[in-house]
Every structure is written in C-alpha cells, then in structure tokens.
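Given next are the chains, with one letter for each unit.
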Amino acid sequence: MVKHSGIPYYTKRIAKASLETGTFAHLLHRITGLLLVVYLFLHMGVISFTYLNGQTFDDLMATFSSPLFLVLDLVLFAGAMIHGMNGMRIMLFDMGLFTRRQKLIFWVMMAIAAIAVLAAAYLLGTLEGWW
Amino acid sequence: MRQNIELKTSRRSFWLWFLQRVSSVGLIIVLLVHMLAWHYINPPELTHVEVSKRLGESIFFATVEALLIGFVMFHALNGVRNVVYDYFPKPGTRKIVSILLLVVGIALFVWGTFVLFRLVFGG
Amino acid sequence: MVVLRILRYDPAEDGRPAFREYEIDAIPGMTILDALIHIKENVDPSLTFRRSCRSAICGSCAVTANGKNLLACNTQLSDLKKKRIVLEPLPGFPILRDLAVDWGPFFDSYRAIKPYLITKSPSPEKERIQSQEIRKKYDDAAKCIMCSACTSSCPVIWTDGSYLGPAALTKVWRFVADDRDEATEERLALVNNEKGVWRCHTIFRCSDSCPKDIDTAGCLEFLRRMVVWYSLTGRV
Ligand code: HEM
Ligand code: HEM
Ligand code: FES
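All values derive from a computational prediction rather than experimental measurement.

The rules behind the values
Residues numbered from 1 in each chain as written. Chains lettered and ligands numbered in written order. Predicted model: local features only at pLDDT ≥ 70, side-chain atom pairs only at ≥ 80, totals over all residues. Heavy atoms only, no water. Helix = DSSP H or I, 4+ residues; strand = E, 2+ residues; numbered from the N terminus. Rg over C-alpha atoms; globule rule 2.2 N^0.38 Å. Contact = heavy atoms within 4.5 Å. Lys, Arg positive; Asp, Glu negative; His and termini not counted. Charge placed at Lys NZ, Arg CZ, Asp CG, Glu CD. pLDDT = per-residue confidence, 0-100. Donors = N, O, S within 2.8 Å, 3.2 Å for Na, K, Ca; no water. Tetrahedral: all angles 85-135°; square planar, octahedral: opposite > 155°, others 65-115°. Buried < 20%, exposed > 50% of the residue type's maximum accessible area, 1.4 Å probe, protein only. Buried area = accessible area lost by both parts, 1.4 Å probe. Salt bridge = Lys/Arg side-chain N within 4 Å of Asp/Glu carboxyl O. Arc of directions from axis to C-beta. Polar contact = N/O pair within 3.5 Å; in protein donor to acceptor, adjacent residues only side chain to side chain. Nonpolar A, V, L, I, M, F, W, Y, C, P; charged D, E, K, R; others polar.

Within chain B, the regular secondary structure consists of four helices and zero strands. Rg of the C-alpha trace for chain B: 19 Å, well past the compact-globule value of 14 Å for 123 residues, more than 25% over. If you line up chain B on its principal axes, its C-alpha atoms span 65 × 25 × 20 Å. Considering only contacts in chain B between residues 6 or more positions apart, those separated by 24 or more positions represent 68%. Taken together, the 12 basic and 6 acidic charged side chains of chain B have centroids lying 19 Å from each other.

Of the residues in chain C, 100% have a pLDDT of 70 or more, and the chain-wide mean is 96. Two summary scores accompany this predicted model of the complex, namely pTM at 0.96 and ipTM at 0.95.

Around the iron atom of ligand 1, the protein contributes the donor atoms H83 of chain A (NE2) and H75 of chain B (NE2), at 2.0 Å from the metal centre. Viewed at the metal, the six donor atoms of the iron atom of ligand 1 are separated by angles of 86 to 179°, and the geometry they form is octahedral. Of this pair, H83 of chain A sits in helix α4 (residues 67-94) while H75 of chain B sits in helix α3 (residues 59-87), on two different chains. A residue is classified by how much of its surface remains accessible, and H83 of chain A, at 14% relative accessible area, is buried. With a relative accessible area of 14%, H75 of chain B lands in the buried category.

For the iron atom of ligand 2, every protein donor is listed as H43 of chain A (NE2) and H34 of chain B (NE2), and the spread of their distances is 2.0 Å. Judged by its relative accessible area of 24%, H43 of chain A is partly exposed. Given a relative accessible area of 15%, H34 of chain B falls into the buried group.

Below, the discussion takes up the interface of chain A and chain C. Across the boundary between the two partners, chain A contributes 26 residues, which contact 34 residues of chain C. Summed over both partners, the interface of chain A with chain C comes to about 2500 Å²; 56% of that surface belongs to carbon and sulfur atoms. Considering only the surface of chain A that becomes buried against chain C, M1, H4 and R13 of chain A emerge as the three largest contributors, covering 27% of it. The tally of links from chain A across to chain C stands at six salt bridges.

This paragraph deals with helix α2 (residues 48-57) of chain B. Within the sequence span of α2 of chain B, burial applies to V51, S52 and L55 of chain B. Each buried residue of α2 of chain B sits inside an arc of 95° when the element is viewed along its axis, so together they form one side. For α2 of chain B, the exposed residues set more than 90 degrees away from the buried face come down to V49 and E57 of chain B. In this fold, the buried residues of α2 of chain B make contact with α3 (54-64) of chain A together with α1 (11-40), α3 and α4 (91-120) of chain B.

Taken together, the contacts link 35 residues of chain A with 35 residues of chain B. Both faces considered, chain A and chain B share a buried interface measuring about 2800 Å² in area, 77% of it formed by carbon and sulfur atoms. On the chain A side of the interface with chain B, the three residues burying the most area are R30, M44 and Y51 of chain A, jointly 20% of the side's total. Applying the counting rule to chain A against chain B returns two salt bridges. A salt bridge links D86 of chain B to R30 of chain A; the nearest nitrogen and oxygen atoms lie 2.8 Å apart. At the boundary of chain A and chain B, one finds eight residue pairs in polar contact (both at pLDDT 80 or more). Among the elements of the structure, α1 (7-17), α2 (21-52), α3, α4 and α5 (102-128) of chain A are those that each provide at least two residues to the side of chain A that touches chain B. A class-by-class count of the residues in the side of chain A that touches chain B yields 25 nonpolar, six polar and four charged.

What follows concerns the pattern of salt bridges. Tallied over the entire structure, the rule returns 29 salt bridges over all chains. One salt bridge connects K103 of chain A with D208 of chain C, and the closest N-O pair in it is separated by 3.8 Å. Placement of K103 of chain A in helix α5 and of D208 of chain C in helix α9 (residues 205-209) is noted, with the two residues assigned to different chains. Two residues, R94 of chain B and D160 of chain C, come together in a salt bridge whose shortest N-O distance is 2.8 Å. Here D160 of chain C lies in the loop between α6 (155-159) and α7 (166-177) and R94 of chain B lies in helix α4, a pairing that spans two chains. The exposure class of R94 of chain B is buried, given its relative accessible area of 9%. For D160 of chain C, a relative accessible area of 0% translates into the label buried. Through salt bridges with shared partners, one network takes in R30 of chain A, R81, D86 and R94 of chain B together with D160, E194 and R199 of chain C.

Shown next, in the form of structure tokens:
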C-alpha cells in the first residue's frame, strides 16, 4: 500500500485542477484572502503611527501618494473586489441558489468586479487629474 | 482495516462558520465605505491631523471604522484558521495554531481599537 | 491509435508508483474499461483494476482519467477527445495496486454517519408510506452508487483525510430529507463538527465528477442549511 495524498501530492494535483472553474475560483478566493490579511497587518502597522509618531505617519502617507503606490492601491481594490464578489458567490450557494450554475455565476461576479475596478480607476484618475 | 470514526457535535465549529458569513456580509458594506471614503470619493488629505479631524466630526464614520476592525479581525484570522485546518490535519498543530490566532486576533483588535479611539478623540 | 498512460504500482516490488504506456487500437464505442480489459487480456496480465457490473451501477470502476474522476465503464475513449489518456488510481486513498485503491477510509466515513433508516415509532401494519413530493426532495441524493469519485476529487480530502467527504454527507442529506427517518437531530449532530459539513469550501469538484450527475455540492448545502437552522434554534 502506498500513500496517495498529503501536501506534496496536493500541490502537484491542484495545479492541474486549477484549470477547472470551481477550483480556480476557490484558489483565487484563498490567495486574495491571504494577500488581504498581509495587507491588513501592514496597514494597521502604518495607521499605528498616527498614535506613535504623527510626523512619520504624514511622511509615509506622502510616499504612498506616488503614482506607483496609487496603482498598487488599485491592485488592492481589485483584490478586495475579487475576494468580495467571490465571497458573495459562495454565500449564494450557501443559501441554495445557483449550485447548478456555479461556472456562469463565477464569471458574472468577476465581470461585476472588473466594472467596479474600472470605476475606481476612473474616480482615482479624476481626483488625481490624470484626464 | 476498519476504523471507527468518532463524530462529536461541536457548536464552536458551527459558530465559526456562521460568523464567517455574518462578518462577510458586514464587510461588504463597511469595507466599501472605508475604501471609497478614504481614497476614492472626496478623500481628505491623509495626514494624522486631517484623519483625526474627519473621524472626530462624524459619529457615523467612527462607528463604521470600529465595526470594520471587529469584522475584519475575526474574518481574517478565522479565514487563516480555515486554511490551516485544510493543510494540517494533526489535532496538536491545529490547537496550537488556533490558540495563536486567537491571541494575535485579540491583541490586534485591542490595539486597533485603541488607535482608533485616539484618532476619534484627538490623540 | 490511443496511448494509455497508466500509473502502475506493485507492492511486491517495493518501488514507487510509475507510469507505463500502452498503445492500443481504439475501436469506435470502446470504453476505458474495455481498453483496460483488452490490455489485461492481450498485453499485460499483471494490470490490476476493479470492475464488476460494466454498466455504471456498481461503482467499482471509478478512476482518474486526464485529471478527472469518472467511471471507466461508461466513458468512451472518444469522450475524452485526446490521443493520450492518463489513467491514475483515485486520489486521496492509498494505492493497493495499480488502479485499485484502498477504500477503507471511504467506508469508515460512510459507516460513521449511519447510512440506514432509523425509526422510533412502532412499525405500521404495512410499509411506511413515502409521498411523491418528499421523495422528489432527495431524488438526486438517492441516485448515488457509492463509486467515491466525488469524495476522492475533493481537494480537502487530499490533505485532510479526517473530512467525511461529499459522498457520506450526501447520504446524510438523503436520510434527513426522508420523512420516514426519525433521527434527524441525531444525524445533524453527527456532521456538526470539523470533520463534517463545515469543511466544505464549495469547490464543486464533487458535482463535476459525479457520473450520475448528482448536484453533490447542492445536497451538501441543503444539509448545511439544516444544521444552521437546527443550531440557531438550539436543537443540535
Ligand atoms: C469584502 C467583503 C468580503 C467578503 C464578502 C468575504 C467573504 C468570504 C467568505 C464567504 C469566505 C469563506 C470561504 C469558504 O468558506 O470557503 C471568506 C474566506 C476568507 N476571507 Fe473573506 N470576505 C471579505 C473580505 C475579506 C477581507 C478584507 C479579508 C482579509 C483581511 C478576508 C480574508 C479571508 C480569508 C483569509 C479567508 C479564508 C480563505 C479560504 O478559506 O480559502 N476576507 N471570505
Ligand atoms: C483604499 C485603500 C485604503 C485606504 C486609503 C485606507 C485608509 C485608512 C485610514 C486613513 C485609516 C485610519 C483611520 C481609521 O482608523 O479609520 C484606516 C484604518 C483602517 N483600515 Fe484602511 N484603508 C484602505 C484599505 C483598507 C483595507 C483593504 C482594509 C482591510 C483589509 C482596511 C482596514 C483598516 C482597518 C482595520 C483600520 C483600523 C486600524 C486601526 O485603527 O488601527 N483598510 N485605513
Ligand atoms: S463497472 Fe460497475 S460502475 Fe463501472
């Protein structure tokens, strides 16, 4: 008898399975969720400076308003939208809706996320006077 | 070889799952308000004085931010717990990680709330 | 010409599982099982696989073909639309030999959820009547042939063998939905834990791999809502 499971096995097999919509959505949800956690910790660290040292906070925020960071902000917004819309999709299933239509619903949700990100980019560009 | 699996009810596992959904619904609203208001729609200048001023002026906004800390802390750390449970089946590992996440979560929640408190009431 | 690439493992030889390739003339209508039988009879008698009914009823012949779990006996080579077909034993279970896996863990989970009718009221004179409407509720779940394609396709099972898996949980829903069964609370209590309904992440590989087209994930969600409702009202 030989083992046919475990983390090394999972890694190998999930890469292939990720081409399927459901598995793709699951991995996307997981990765965006974990990235948001990393951001959350960094973010709370930065916000702490409002209390620890206000000047440092202002300096950091000035750095974060450079174009590079503004684009990263959009990436963050996209991550949150993708995770959020996917989370809504999962909760639709939990309520017993569309379990036979999961592939379609995934792409519908991603389309909504894409539109939201475009809208955010438009808002940001307007504020920054890009157009 | 036959193995008997013991299945005991765990109300805690229900509550963790259920609160993950509750916090999800909460986050949809609260996080959207947070990101739009600080960054996309009519944002203030992000200096500690301006941020503090806006939070101090609006009870609504301060409440949203307090809710955000609560929802996101539970949701994020319970999410990490879910991921850990998938990849590490050993009960010992799970227990240690669960306790660690609980401690980190409470500490960050208290610290975050304190920082927010100072911002709202002018630090 | 079709190339079958089969994962071989012989416990007597004490090595690691390794692929061996077989070239066969695919005739129209030939199923994966036909091809396996052809190889065993004409090319390599040591090839081991399970089958019994050859008509998608017994659930013995589930394998992984090109990454998807399916029944070898009701999938034609041409259905896979590939000239190279990779056959592996079902993931998540230990390999006994070649394509035959150890289903011990699968049936341990099955036995643990009490897969039989439980009644408490005295038996009526004749049979216990089942209305058509109620029967419709679990039509889907009752189609299960216990081939384990769903449970084995679930990524959670691959790393956490303590999860009961979609097949066992679908069976719980089958009895919970049946109004002749009188142990709803007991059944829900059995799956209200980290081995049960809460480990499902609605990845949908179970529904996708079901050879009987059961909405497995949907059944699991029905069951989960029952547990939520019973938990909120303090009955589980
Ligand atoms: C915008 C609103 C959000 C919604 C609607 C949402 C929804 C969800 C849902 C429904 C789950 C459960 C998935 C499952 O059971 O498989 C989940 C998991 C998770 N969420 Fe969120 N979430 C949101 C925001 C966030 C944020 C801001 C973070 C991080 C700071 C986060 C981190 C996570 C993590 C780490 C998981 C676990 C992932 C997994 O199990 O694969 N989520 N989310
Ligand atoms: C668009 C990008 C974002 C901007 C410009 C932004 C800005 C801010 C600002 C100015 C504060 C301090 C004021 C307050 O406490 O309300 C803050 C706090 C906070 N933000 Fe964000 N935020 C962003 C995205 C996010 C995201 C995606 C999350 C969740 C993952 C998040 C979670 C938090 C939390 C928990 C606090 C409270 C921290 C504390 O009090 O220690 N923010 N944010
Ligand atoms: S041989 Fe019985 S189901 Fe395929």
